[in-house]
Amino acid sequence: MPFDVSKVAVHGEVGSGATGRVWRGELTEATDGVPAGTAVAVKRLHPALRSDPAALASLQLEMEIGASVRHPGLARALATGVDADGPWLVAILVPGRTLREVLSEDGPLPEPLLRSVAASVSGGLAALHAGGWVHGDVKPENMRLDDAGRAVLLDMGFARRVPGSRGRRG
């Protein structure tokens, strides 16, 4: 059964990037083993990009990678589609601040947190590489840290298949 984005209760905007805006939501029904009530992110392309082939391909790529390569250091996508408001992607919401925000607001990371962030992000990158992908946009704005110091790599829209790789599921 296809996912219906109307089954997400949207609560407010999380942020905006080059290709779209992201809203915080909550699943009103279970999907893909994820229970109702789970916090999710709903990404929608900016209106000017709704029919842009590159932007559409990027959103689809985020879905493909986020659904097929699983690792605690990577964002998990649940579904993508198009409705009256344009293309959308639903992913598990990663709480917290971006690494850029943490560094700007708190200064340098203490060594134990730095090690934890490095382990989480490098583990996510290793899972991507094992799946035959390279991220393509690793930067502090694409890493989110929760209050426990867990880091998750976001935004797979610039990822690319490693030439000659068929990859394996992570």
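Residues numbered from 1 in each chain as written. Predicted model: local features only at pLDDT ≥ 70, side-chain atom pairs only at ≥ 80, totals over all residues. Heavy atoms only, no water.

Visitor: Would you mind going over the sheet that holds strand β6 (residues 97-98) in detail, with residue names and values included?
Guide: Strands sit in the order β6-β8-β9 across an open sheet of three strands; the sheet is antiparallel. Since the sheet does not close on itself, it has two edges, and those belong to β6 and β9 (151-153), each with one partner. Pairing of strand β8 (residues 143-145) with β9, which is carried by three bridges, proceeds in the antiparallel orientation. By the bridge assignment for β9, M143 is matched with L153. Here helix α3 (residues 111-130) sits on the sheet in contact with β8 and β9, set at roughly 30° to β9. (Pairing = 2+ DSSP bridges. Helix = DSSP H or I, 4+ residues; strand = E, 2+ residues; numbered from the N terminus. Contact = heavy atoms within 4.5 Å. Axes fitted to C-alpha atoms, helices over the stretch in contact; angles between N-to-C directions.)

Visitor: Before we move on, can you summarise the nonpolar core with the specific residues and values?
Guide: By size, the foremost hydrophobic cluster in this structure holds 19 residues, and its most contacted members are I65, V69, L74, L128 and W133. Listed by contribution, the elements that provide at least two residues to this core are α1 (53-68), α2 (99-106), α3, β8 and β9. Per-element accounting of this core gives the leading share, five residues, to α3. Those residues in contact with L74 that sit more than four places away from it in its chain are V69, G124, A127, L128, V152, L153 and M156. (Core = buried A, V, L, I, M, F, W, Y, C linked by side-chain atoms within 4.5 Å. Buried < 20%, exposed > 50% of the residue type's maximum accessible area, 1.4 Å probe, protein only.)

Visitor: Got a sec to walk through the pattern of salt bridges? Specific residues and values, please.
Guide: Tallying each qualifying case throughout the model produces twelve salt bridges. One salt bridge in this structure joins K43 and E62, with 2.7 Å as the shortest N-O distance. Residue K43 is located in strand β3 (residues 39-45), and its partner E62 is located in helix α1; the two are separated by 19 residues in the primary sequence. Accessibility assignment for this pair places K43 and E62 in one class, buried. In this structure, E111 and R115 form a salt bridge, with 2.7 Å as the shortest nitrogen-oxygen distance. In this pair, E111 and R115 are both assigned in helix α3, four residues apart and thus about one turn of the helix distant. One salt-bridge network, in which partners are shared between bridges, spans D32, R70 and R76. (Salt bridge = Lys/Arg side-chain N within 4 Å of Asp/Glu carboxyl O.)

Visitor: Any chance you could break down the sheet that holds strand β1 (residues 8-16) for me, citing the residues and the numbers?
Guide: Here five strands make up an open sheet; going across it, the order is β1-β2-β3-β5-β4 and the pairing antiparallel. Each of the sheet's edge strands pairs with one partner strand only, and the pair in question is β1 and β4 (77-83). The sheet shows a mean angle of 25° between the axes of neighbouring strands, taken without regard to direction. Pairing of β3 with strand β5 (residues 86-92) involves five bridges; the strand directions are antiparallel. Its bridge partner being in β5, K43 is matched across the sheet by L89. Running at roughly 150° to β4, α1 makes contact with β3, β4 and β5 of the sheet.

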